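Tertiary structure, described
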Amino acid sequence: MLKIALESLGCSKNLVDAEIMMGILNKKGYKLVGEFSEADVIIVNTCGFIESAKQESIDTILDLSEYKTKGNLKILIVTGCLAQRYAEELKSEIPEIDAIVGTGSYQNIDEILNGLKEEKHIISLNDIEFAYNEELPRYISTPSHMAYLKIGEGCDNRCTYCIIPKLRGNYRSRKIEDIVREAKDLASRGVKEVVVIAQDTTKYGCDLYGKEMLPELLEELTNIEGLKWIRVMYSYPESITEELVKVIKKHDNICNYFDMPIQHASNRILKLMNRRTTQEDIFSKIEMIRKHIPDATIRTTIIVGFPGETEEDFRQVVEFAKKAKFDRLGAFAYSREEDTPADKLPNHLEEEVKNERKDTLMLVQQEISQELNSAKVGNVYEVLVEEQIEDKVYIGRTQGDAEEIDSIVYVKSEKKLNVGDFVIVKINSALEYDLMGDVVNELA
């Protein structure tokens with residue numbers, strides 16, 4: 001039986017697609033392996049969102065294609081957003097690729113692999129508006145204590161810089177009962193943290209139920225035994241309602257964590273981005289969240305160097321960051337993407353200017369983060385243990401930290417801890433982004 005290895009790049013939503021592909025192939029009896037050198041088949045699940053992600057995808061494809069000469073590799077399959085967007089270019093530029101599978105075709109991965117026995121160079125670009133098949137198996141690749149829970153596919157927001165709707169289609173919500181069934185299954189497998197994801201989680205239900213249903217969905221998820229943390233990602237500020245905040249406040253097992261990508265703070269640029277909000281609206285949302293949940297963690301992302309961004313527009317971003325004091329902030333230099341409305345705008349900025357602005361904003365955030373972290377010294381937090389790094393020293397994270405993208409807590413413990421344990425930690429020192437502390441007592 002063929003041995004299959006998979007590399008998934010890009011976002012967590014893409015990773016869920018990869019896990020479904022692995023689930024399908026595992027069920028068909030293929031052997032999944034972790035070493036590329038052993039694999040007969042390598043699948044590269046690509047990202048095509050911004051220039052750096054596209055480049056990483058291409059580099060990974062080229063690197064792994066070398067196993068055709070130095071390993072056992074017989075079949076190289078490229079899937080995901082880059083495959084959807086540049087199928088013909090990939091076919092002509094990288095002849096080592098045997099199959100190119102778009103975002104609407106990953107559910108047929110076993111048939112495509114079967115088809116490669118008869119023919120080489122398959123391109124499968126099925127309808128990106130496909131309905132989610134609830135019967136498909138999923139092979140969870142994240143640490144055993146956490147998993148992603150995808151509640152919808154596609155996006156209706158049409159931000160001018162973003163290609164996602166063209167690669168993933170319009171917003172399509174899964175039914176509440178199907179999501180709850182999957183979450184129960186994850187909990188029964190020992191998953192303690194589920195991360196609720198979609199291109200925009202706050203729009204959940206609009207297409208299916210005629211209104212935003214994230215609060216109702218969360219209420220259902222809180223009843224599932226074994227789920228200790230429910231984390232919500234990618235919430236657009238305009239749809240974070242008081243109702244949603246109150247549901248998050250009410251339940252101990254929903255993390256007081258708001259991932260709210262604002263993307264900018266100048267009203268002029270927000271309009272050019274086709275964001276349906278203003279600086280004033282965003283700030284009132286932040287105040288509303290903190291009024292109800294004073295210790296809420298608010299994370300955001302900001303794009304600097306958007307076409308036409310002036311010094312004044314950028315100054316407004318910096319001032320807003322200082323005023324809002326986000327707990328977490330990621331800054332990205334605008335990436336020019338063909339086939340997007342923003343690409344056609346005048347006054348594109350030099351890369352040097354974009355990168356300077358990104359560095360300036362991150363230095364401002366670094367100071368804010370240091371100040372917020374220093375205030376946490378002496379506090380006590382519940383920490384999820386994720387890794388042992390040396391004798392009696394572990395790495396973990398609090399409710400305020402999403403896996404892989406946020407800060408960590410260095411934890412000292414006299415007692416042996418296991419990955420996936422929850423412990424109570426007293427913070428004794430703070431770094432710019434990370435915290436350090438000692439276990440004060442184990443959780444029951």
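Our structure's up above, just so we're on the same page.
Residues numbered from 1 in each chain as written. Predicted model: local features only at pLDDT ≥ 70, side-chain atom pairs only at ≥ 80, totals over all residues. Heavy atoms only, no water.

**Notes on empty space enclosed by the protein**
The full count for this structure, using the stated rule, is one cavity of 30 Å³ or more. Size it by volume and the largest cavity reaches roughly 30 Å³. Looking at the largest cavity, the residues that line it are V232, S235, I240, L244, I248, Y257, F258 and D259. Only α11 (242–250) and β12 (257–259) provide two or more residues apiece to the lining of the largest cavity. Sort the elements by how many residues they give to the lining of the largest cavity and β12 lands first, with three residues. Grouping the amino acids of the lining of the largest cavity by side-chain chemistry returns six nonpolar, one polar and one charged. (1 Å grid on protein atoms, 1.4 Å probe; cavity = no way out; pocket = protein on both sides within 12 Å on 5 of 7 lines; lining within 4 Å. Points joined across faces, edges and corners; volume = space filled by probe spheres on them. Helix = DSSP H or I, 4+ residues; strand = E, 2+ residues; numbered from the N terminus. Nonpolar A, V, L, I, M, F, W, Y, C, P; charged D, E, K, R; others polar.)

**Thoughts on the side chain of R328**
Its location among the elements puts R328 in strand β14 (residues 328–333). Of the polar contacts made by the side chain of R328, one reaches the backbone oxygen of G400; its length is 3.2 Å. (Polar contact = N/O pair within 3.5 Å; in protein donor to acceptor, adjacent residues only side chain to side chain.)

**Observations regarding the packing of helix α8 (residues 176–188) against helix α10 (residues 214–222)**
As a packed pair, α8 and α10 sit with axes 10 Å apart at the nearest point and diverge in direction by 30°. Compared by their axis directions, α8 and α10 come out roughly parallel. The crossing of α8 and α10 is right-handed. Packed against α8, whose contacting residues are I176, I179, V180 and A183, the element α10 presents E216, L217, E220 and L221 at the interface. Along the lines of polarity and charge, the residues of the contact of α8 with α10 split into six nonpolar, no polar and two charged. (Axes fitted to C-alpha atoms, helices over the stretch in contact; angles between N-to-C directions. Parallel < 35°, antiparallel > 145°, perpendicular 65-115°, else oblique. Left-handed = near helix turned anticlockwise from the far one by under 90°. Contact = heavy atoms within 4.5 Å.)

**So, the pattern of salt bridges**
Oppositely charged side chains can form a pair if their charged atoms are brought close together. Scanning the entire structure with this criterion turns up 40 salt bridges. Where R168 meets E153, a salt bridge forms, and the shortest distance between an N and an O atom there is 3.5 Å. Of this pair, R168 sits in helix α7 (residues 164–168) while E153 sits in strand β8 (residues 152–153), and the two are 15 residues apart along the sequence. Overall, the relative accessible area of 6% leaves E153 in the buried class. Measuring nitrogen to oxygen at the nearest pair gives 3.9 Å for the salt bridge that ties E319 to K322. You can see E319 and its partner K322 sitting in helix α14 (residues 311–324), three residues apart, about one turn around the helix. What makes K322 partly exposed here is its relative accessible area of 41%. Through salt bridges with shared partners, one network takes in E19, E134, R138, R174 and E182. (Salt bridge = Lys/Arg side-chain N within 4 Å of Asp/Glu carboxyl O. Buried < 20%, exposed > 50% of the residue type's maximum accessible area, 1.4 Å probe, protein only.)

**So, the sheet that holds β14**
The strand order across the open sheet formed by three strands is β12-β13-β14, and the pairing between neighbours is parallel. In the strand order of this sheet, the two ends are held by β12 and β14, each with one partner. With strand direction ignored, the average angle separating the axes of adjacent strands in the sheet is 15°. The pairing of β12 with strand β13 (residues 297–304) spans three bridges and is classified as parallel. Counterpart to Y257 in the pairing with β13 is T297. Most of the contacts of helix α15 (residues 351–374) go to β14, to which it runs at about 170°, and overall it touches β13 and β14. (Pairing = 2+ DSSP bridges.)

**Thoughts on the nonpolar core**
Grouped together as the largest cluster of nonpolar side chains are 57 residues, with contacts concentrated most on L218, L221, F258, F320 and L361. In this structure, F320 is in contact with I262, A265, Q279, I282, F283, I286 and F326, ignoring residues within four places of it in sequence. (Core = buried A, V, L, I, M, F, W, Y, C linked by side-chain atoms within 4.5 Å.)

**A word on the packing of aromatic side chains**
Scanning all chains against the criterion turns up eight aromatic pairs. Ring centres 6.0 Å apart and planes at 80° place the aromatic pair F283 and F320 in the edge-to-face group. With a gap of 37 residues between them, F283 in helix α13 (residues 279–292) and F320 in helix α14 connect regions that are remote in the sequence. Note on F283: relative accessible area 17%, which makes it buried. Here F320 falls in the buried class, since its relative accessible area comes to 2%. Look at F306 and Y334: their rings are 5.3 Å apart centre to centre, the planes differ by 70°, and that puts the pair in the edge-to-face class. (Phe/Tyr/Trp six-rings, centres within 6.5 Å; stacked < 30°, edge-to-face > 60°.)

**Description of the pairing of β13**
Within a regular strand, the side chains alternate between the two sheet faces. The element β13 is largely enclosed, with a buried count of eight among its eight residues. Residues T297, R299, T301 and I303 of β13 are buried on one face, and the alternating residues I298, T300, I302 and V304, pointing to the opposite face, are buried as well. Regarding topology, α14 serves as the crossover connection from β13 to the parallel β14, and that connection is right-handed. (Right-handed = clockwise from strand over helix to strand, strands pointing away.)

**What about the sheet that holds strand β11 (residues 229–232)?**
Sheet architecture is open: three strands sit in the order β7-β10-β11, paired in parallel fashion. Each of the sheet's edge strands pairs with one partner strand only, and the pair in question is β7 (146–150) and β11. This sheet shows a mean twist of 25° between the axes of neighbouring strands, independent of strand direction. In this fold α8 packs onto β7 and β10 (193–197), with an angle of close to 170° to the strand it touches most, β7.

**Quick word on the environment of E153**
Between the alpha carbons of E153 and T103 there is a distance of 10 Å; along the sequence they are 50 residues apart. Every residue in contact with E153, bar those within four places of it in the chain, is listed here: D17, F130, R168, N170, Y171 and R172. Within the structure, the side chain of E153 is placed 2.9 Å from the side chain of K150, a separation counted as a polar contact.

**What about the packing of α13 against α14?**
It is the contact of α13 with α14, at a shortest axis distance of 11 Å, that shows an interaxial angle of 15°. Judged on the interaxial angle alone, α14 and α13 are roughly parallel. Crossing angle aside, the handedness with which α13 passes α14 is right-handed. Residues Q279, I282, F283, I286 and R290 of α13 touch α14, and the partners they reach there are Q316, F320, K323 and A324.

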